[in-house]
Amino acid sequence: MLKDITIGQYFPMDSAVHKLDARFKIVITAVFIVMIFSADSFLSLGLAFLFFVIAFAASKLSPKLILKSMKPIIPIIIFTSVLNIFFIDGVTVFQIWKIRITDNGLITSGYMIIRLIALICGSSLLTYTTSPIVLTDAIEQMMKPLGKLHFPVHELAMMMTIALRFIPTLIEETDKIMSAQKARGADMDSGTLIERAKALVPIIIPLFVSSFRRAEELALAMECRCYNGGEGRTKLKSLVSGGSDYAALCLSLLFLCGVMIIDMGRVVL
Amino acid sequence: MDNIISAKDLMFYYSEPSEEEQDNGQEENKVLVFEDLNLSIEKGSFTVILGHNGCGKSTFAKHTNAILLPCGGKMTAAGFDTSDESRLFDIRKHIGMVFQNPDNQIVASVVEEDVAFALENMGVPPEEMRVRVDEALKAVGMYEYREHSPSQLSGGQKQRVAIAGIIAMKPDCIVLDEPTAMLDPAGRREVMKTIKRLNRENGVTIVLITHYMDEAAQADRVVVMDSGRVILDNTPSEVFSHVEKLREVGLDVPQSTQLMYLLRENGRKDADTHIITEEECADFLERLLRGE
């Protein structure tokens, strides 16, 4: 059951989006997020969404994936939109007893839903089309200037790499420990919430102990392979940017301008 | 012949906290591992170190590439004194080390990235790195898996990736600390085949620490350790002929030797306990049964 976890899942494919430089993809995703949060009308939001649709079509991924990535955030979407509907003042559209729904409430929650969905879509597209290792590399490179301020850029990137590497290993281990505890009569699926939380203790403690042991062995193995921090390190694969990367960035900026012009036009009118 | 690793009067102890303090009432809690260990490994050889748990074989392995430093005596590896800290990375470049659990020595989540890890640390230029990574992966027969994630591989395959990560450094010597202990029989065979090929074809010195007697039987030289001392040191067939002595220190002998030993015990004076391989054993039995 733990095997279904999809954190930062990557779907390798041969597409224009997959081939983009990861650094540019991160920047473009940021531009997209700015777009959806600066958009102030349904028309400009629609334009921002069109940008996503173009990018998604170029990635050749199956639309089902986006629906799947949406699943875990449905409760959040419902929760925030319900709050917005009931608690924002405006012209009353509908009223039962003390509960009233206003036009502003409806509009704001509409925006909220679209923005949340767009946010998840955009960031999912980034992780679906970029392998975690490349993503880590890109983040390391983008943060390199911070190294001058003694910010531990390389160490952070190394930690991320190792964390990504050990996710499957630790999931497998958790599965094993759970089976072992079940075999000893542990009951994890019934009882009150507190009882179930307590039942997790015999799983978490062995997992922690073994993680520490693994960490120690890994550190030893890394030392044996001449690991000496980030200084003087080279990379097997370095990130290269080309014309298509700049073109994609320009396209995203163009859409951002479009969004802003629409909204400004609305303000002026 | 040149020695790539040599320990002279090596002394080492762990300083243990509390627990044992009350037990033996010593002022200093020194758990002595070696008192005066003398052991040299010849360049290009395939040496197996055998011994019961806690005999000091892993501790010796950790001395070979300066993970542990001697408390007394002298340890030389690849021509450098291991206590010379300025030579630390030179030593580790020359003496590679592979551990028991392949999961805990793979750093990256793509096979080829992991093999490149040591080279990245050493600052090898990317073009040369590419060539060396490919060579290393081919040497262990994992080239087709270069873009896989280690979690998709079997134990034996993971261990071969770990070995490739060491080979990429082009070390003169590889020390393997029970590399097959966590593998299934198929994985063990894969790893042993790889180790033997590296020794024969690439001339890499191999020091293999193991619990498996059939693996020891494939070496040029077997060193048996007990309580921090070398008690037997010779060719496999010579070492395994000392069946009683091995039993005393809690070790088995290969099954063929065991059979020969039992035949001899029961009156077949011509049964030779120097026989260690199954082929030799089968030949002997054939002759015996034909009444020659």
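Residues numbered from 1 in each chain as written. Chains lettered and ligands numbered in written order. Predicted model: local features only at pLDDT ≥ 70, side-chain atom pairs only at ≥ 80, totals over all residues. Heavy atoms only, no water.

Caption draft 1: Broad picture of the overall build of chain B. Summing up its helical and strand segments, chain B has twelve helices and ten strands in all. For 292 residues, the compact-globule estimate of 2.2 N^0.38 gives 19 Å, and the C-alpha radius of gyration of chain B, at 21 Å, lies within 12% of that figure. Overall, the C-alpha framework of chain B stretches about 65 × 55 × 40 Å when taken along its three principal axes. Within chain B, the proportion of its 292 residues that are buried is 51%. Working note: accessible area of chain B is about 13400 Å², and carbon and sulfur atoms make up 44% of it. (Helix = DSSP H or I, 4+ residues; strand = E, 2+ residues; numbered from the N terminus. Rg over C-alpha atoms; globule rule 2.2 N^0.38 Å. Buried < 20%, exposed > 50% of the residue type's maximum accessible area, 1.4 Å probe, protein only. Areas by Shrake-Rupley, 256 points an atom, 1.4 Å probe, with all protein chains shown as cover.)

Caption draft 2: The sheet that holds strand S4 (residues 72-77) of chain B, seen in detail. Residue and element names in this part refer to chain B. As summarised here, the arrangement of the four strands in space is S2-S1-S4-S5, forming an open sheet in which the pairing is antiparallel. In the strand order of this sheet, the two ends are held by strand S2 (30-42) and strand S5 (80-81), each with one partner. Sheet topology note: the S4/S5 ladder contains two bridges and is antiparallel. Looking at S5, one finds that threonine 76 is bridged to aspartate 81. Lying on the sheet, helix H2 (residues 57-64) is in contact with strand S1 (3-15), S2 and S4; it crosses S1 at an angle near 120°. (Pairing = 2+ DSSP bridges. Contact = heavy atoms within 4.5 Å. Axes fitted to C-alpha atoms, helices over the stretch in contact; angles between N-to-C directions.)

Caption draft 3: Fine view of the pattern of salt bridges. Taken as a whole and judged by the stated rule, the model has 21 salt bridges over all chains. Within this structure, A:Arg165, B:Asp103 and B:Lys158 form a network of salt bridges that share partners. (Salt bridge = Lys/Arg side-chain N within 4 Å of Asp/Glu carboxyl O.)

Caption draft 4: Up close: helix H2 (residues 22-38) of chain A. With 17 residues, H2(A) extends 24 Å from end C-alpha to end C-alpha; this agrees with the ideal 24 Å at 1.5 Å per step. Buried within H2(A) are the following residues: A:Ala22, A:Phe24, A:Lys25, A:Ile26, A:Ile28, A:Thr29, A:Val31, A:Phe32, A:Met35 and A:Ile36. (Expected span 1.5 Å × (residues − 1).)

Caption draft 5: Local environment of the sheet that holds strand S7 (residues 173-177) of chain B. Residue and element names in this part refer to chain B. With mixed pairing, six strands are arranged side by side in an open sheet as S6-S7-S8-S3-S9-S10. This sheet does not close on itself; its edge strands, each paired only once, are strand S6 (95-98) and strand S10 (229-234). Averaged over all pairs of adjacent strands, the angle between their axes in this sheet comes to 20°, without regard to strand direction. Inspection of the sheet shows S7 paired to strand S8 (residues 205-209) by five bridges, in the parallel sense. Bridge assignment links isoleucine 174 to a residue of S8, and that residue is isoleucine 206. Contacting strand S3 (46-51), S7 and S8, helix H7 (residues 185-202) runs over the sheet at an angle of about 150° to S8.

Caption draft 6: Main features of the nonpolar core. By size, the foremost hydrophobic cluster in this structure holds 54 residues, and its most contacted members are B:Leu50, B:Ile163, B:Ile174, B:Ile195, B:Val224 and B:Phe240. Discounting chain neighbours no more than four positions away, the residues touching B:Ile174 are B:Gly96, B:Val98, B:Ile166, B:Ile167, B:Leu198, B:Val204, B:Thr205, B:Ile206 and B:Val207. Of all hydrophobic cores here, the second largest spans 33 residues; its members include A:Cys224, B:Val33, B:Leu39 and B:Val223. (Core = buried A, V, L, I, M, F, W, Y, C linked by side-chain atoms within 4.5 Å.)

Caption draft 7: Structural detail: a negative patch on the surface. Residue and element names in this part refer to chain B. On the surface, Asp272, Glu278, Glu279, Glu280 and Asp283 cluster together into a patch of negative charge. Mapped onto the elements of the fold, aspartate 272 is located in the loop between helix H11 (255-265) and helix H12 (278-289). Accessibility expressed as a relative area gives 33% for aspartate 272, which makes it partly exposed. (Patch = residues over 30% accessible without salt bridge, like charges linked within 9 Å, V, L, I, M, F, W, Y side chains within 5 Å. Lys, Arg positive; Asp, Glu negative; His and termini not counted. Charge placed at Lys NZ, Arg CZ, Asp CG, Glu CD.)

Caption draft 8: The environment of A:Asn104, seen in detail. Residue and element names in this part refer to chain A. Along the chain, the position of asparagine 104 falls in helix H6 (residues 103-129). What makes asparagine 104 partly exposed here is its relative accessible area of 38%. In this structure asparagine 104 touches Ile88, Asp89 and Gly90, once residues within four positions along its chain are discounted.

Caption draft 9: Region of the structure containing unusual backbone geometry. Residues and elements named next belong to chain B. One non-glycine residue with positive phi stands out, namely lysine 170, at about 55°. Position of lysine 170 relative to the elements: it lies in the loop between helix H6 (155-167) and S7. Its relative accessible area of 48% is what places lysine 170 among the partly exposed residues. One non-glycine residue, serine 227, lies in positive phi territory at about 45°. Residue class for serine 227 comes out partly exposed when judged on its relative accessible area of 48%.

Caption draft 10: Local environment of the interface of chain A and chain B. In this complex, chain A contributes 27 residues to the contact, which on the side of chain B involves 38 residues. Carbon and sulfur atoms make up 57% of the surface buried where chain A meets chain B, a total of about 3000 Å² over both sides. Taken as a group, A:Arg165, A:Arg225 and A:Leu236 account for 29% of the area that chain A buries against chain B, more than any other trio of residues on that side. In this assembly, chain A and chain B are joined by four salt bridges. The residue A:Arg233 makes a salt bridge to B:Glu120 at a minimum N-O spacing of 3.2 Å. Taken together, chain A and chain B are joined by 14 residue pairs in polar contact (both at pLDDT 80 or more). Residue assignment for the side of chain A that touches chain B shows that the elements contributing at least two residues are helix H8 (153-183) and helix H10 (201-224) of chain A. Across the side of chain A that touches chain B, the residue classes break down as 14 nonpolar, five polar and eight charged. (Buried area = accessible area lost by both parts, 1.4 Å probe. Polar contact = N/O pair within 3.5 Å; in protein donor to acceptor, adjacent residues only side chain to side chain. Nonpolar A, V, L, I, M, F, W, Y, C, P; charged D, E, K, R; others polar.)

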